[in-house]
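# Per-entry structural report
Below are the chains, spelled out letter by letter.
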Amino acid sequence: MTNTVTADFIHVFEPGEDSARPPLLLLHGTGGDERDLLPLGRAVAPGASLLSPRGKVLEGAAPRFFRRLAEGVFDEADLTARTHELADFVEEARERHGLPAPIALGFSNGANIAASLLLLRPEVLAGAALLRAMPPFREPPSPDLSGKPILLLSGLMDPIMPAAASNVLADGLVALGAEVEHRALPAGHGLIQADIGLLQAWLAQR
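Quantities reported herein were computed from a predicted structural model and do not represent experimental measurements.

## Here we look at the pattern of salt bridges
A complete count under the given rule lists 16 salt bridges for this structure. For E92, the salt bridge identified is with R96, shortest N-O distance 3.1 Å. A residue pair is termed a helical-turn pair when its members lie 3 or 4 positions apart in one helix, as E92 and R96 do in helix α2 (residues 76-97) at four residues. Residue D195 pairs with R132 through a salt bridge whose shortest N-O separation is 2.9 Å.

The following block contains the structure:
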């Protein structure tokens, strides 16, 4: 396991032991860091390579992947720039470590920038598992996502990412051709055991 700075991203890379599993790009939520989702990644995709960067934007002392203007209101210019920066980091890491395109596993803020990656740089990802996500753009781009597998897990009682917003995101991704599995769980913003079971099953099919 290495913890290094590349393309200005502090990150952890854990090489996998199972070459049949696609690598995971782990994207933490607000206030997390490059180690937050490592246990989850190991649990849901044992043996997979894990690439986990730390968001570069600080909201107070809390790392994020892009700026927001208010709760649920994103700075879309910053989001666009940060998305391309993250995509470049992923491509550089793939070349350095000899990795195929990863599946993004993002939670909250990390899930939102993963959704932005799908919309702005879809070639970077083999798919995505979006945990507690909402549409990243008011007027989203329209890439061809034909056949791109996406798991979207929302919480019916989530006060931060309302289930209705997740429905809008799911519908938009389906309209672009993605293969979307959307589950609305009896949960709030935090993850529950059902999230882990659904993640394991979905990733096993990849």
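## A closer look at the nonpolar core
Judged by nonpolar contacts, the single largest core of 40 residues is most densely connected at L25, L27, L130 and L173. Those elements that place two or more of their residues in this core are β2 (9-14), β3 (24-27), α2, α3 (109-120), β10 (127-131), β11 (149-155) and α4 (163-175). Of the residues forming this core, the biggest block, seven residues, is contributed by α3. When neighbours within four sequence positions are excluded, L25 is seen to be in contact with L51, P53, V90, P102, I103, A104, L105, L117 and L125.

## So, α2
Each full turn of the α-helix corresponds to 3.6 residues, which orients residues three or four apart in the same direction. Helix length check: α2 (22 residues) gives 31 Å between terminal C-alpha atoms against 32 Å at 1.5 Å per residue, within 8%. Among the residues of α2, E76, D78, L79, R82, T83, L86, A87, F89, V90 and A93 are the ones counted as buried. Angular distribution of buried residues about the axis of α2 spans 165°; they occupy a single face of the element. Of the exposed residues in α2, those oriented more than 90 degrees away from the buried face are A77 and E95. Where α2 ends, the next residue or the one after it, G98, has phi of about 65°, a positive value.

## What about the packing of α2 against α3?
The geometry of a pair of packed helices is captured by two quantities: the angle between their axes and the separation between those axes. Contact geometry of α2 with α3 gives a least axis separation of 9 Å together with a crossing angle of 80°. Classed by the angle they form, the pair α2 and α3 counts as roughly perpendicular. Between α2 and α3, the contacting residues are L79, T80, R82, T83, H84, L86 and A87 on the first element and I113, S116, L117 and L120 on the second.

## Some points on the confidence of the model for the chain
In the predicted model, the chain carries a mean pLDDT of 94, and 97% of its residues have values of at least 70. Low pLDDT (under 50) marks residues 1-6, which in the prediction has 24 contacts with non-local residues, meaning those over four places away or in another chain.

## Quick look at the pairing of strand β12 (residues 179-185)
The pairing of β11 with β12 spans seven bridges and is classified as parallel. Counted as the bridge partner of I150 is V180 from β12. What joins β11 to β12 is α4, and the crossover it makes is right-handed.

## Regarding the packing of aromatic side chains
Two descriptors summarise a pair of aromatic rings, namely the distance from one centre to the other and the angle between the planes of the rings. Here the structure, examined in full by the defined rule, presents two aromatic pairs. Seen from their ring centres, F9 and F89 are 5.1 Å apart, and the 35° between their planes marks the pair as tilted. Highlighted residues: F9 in strand β2 and F89 in helix α2, separated in sequence by 80 residues. There is no split in this pair, since F9 and F89 are both buried. Judged by centre distance (5.0 Å) and plane angle (80°), the rings of F66 and F74 are edge-to-face.

Cut-offs applied
Residues numbered from 1 in each chain as written. Predicted model: local features only at pLDDT ≥ 70, side-chain atom pairs only at ≥ 80, totals over all residues. Heavy atoms only, no water. Salt bridge = Lys/Arg side-chain N within 4 Å of Asp/Glu carboxyl O. Helix = DSSP H or I, 4+ residues; strand = E, 2+ residues; numbered from the N terminus. Core = buried A, V, L, I, M, F, W, Y, C linked by side-chain atoms within 4.5 Å. Buried < 20%, exposed > 50% of the residue type's maximum accessible area, 1.4 Å probe, protein only. Contact = heavy atoms within 4.5 Å. Expected span 1.5 Å × (residues − 1). Arc of directions from axis to C-beta. Axes fitted to C-alpha atoms, helices over the stretch in contact; angles between N-to-C directions. Parallel < 35°, antiparallel > 145°, perpendicular 65-115°, else oblique. pLDDT = per-residue confidence, 0-100. Pairing = 2+ DSSP bridges. Right-handed = clockwise from strand over helix to strand, strands pointing away. Phe/Tyr/Trp six-rings, centres within 6.5 Å; stacked < 30°, edge-to-face > 60°.

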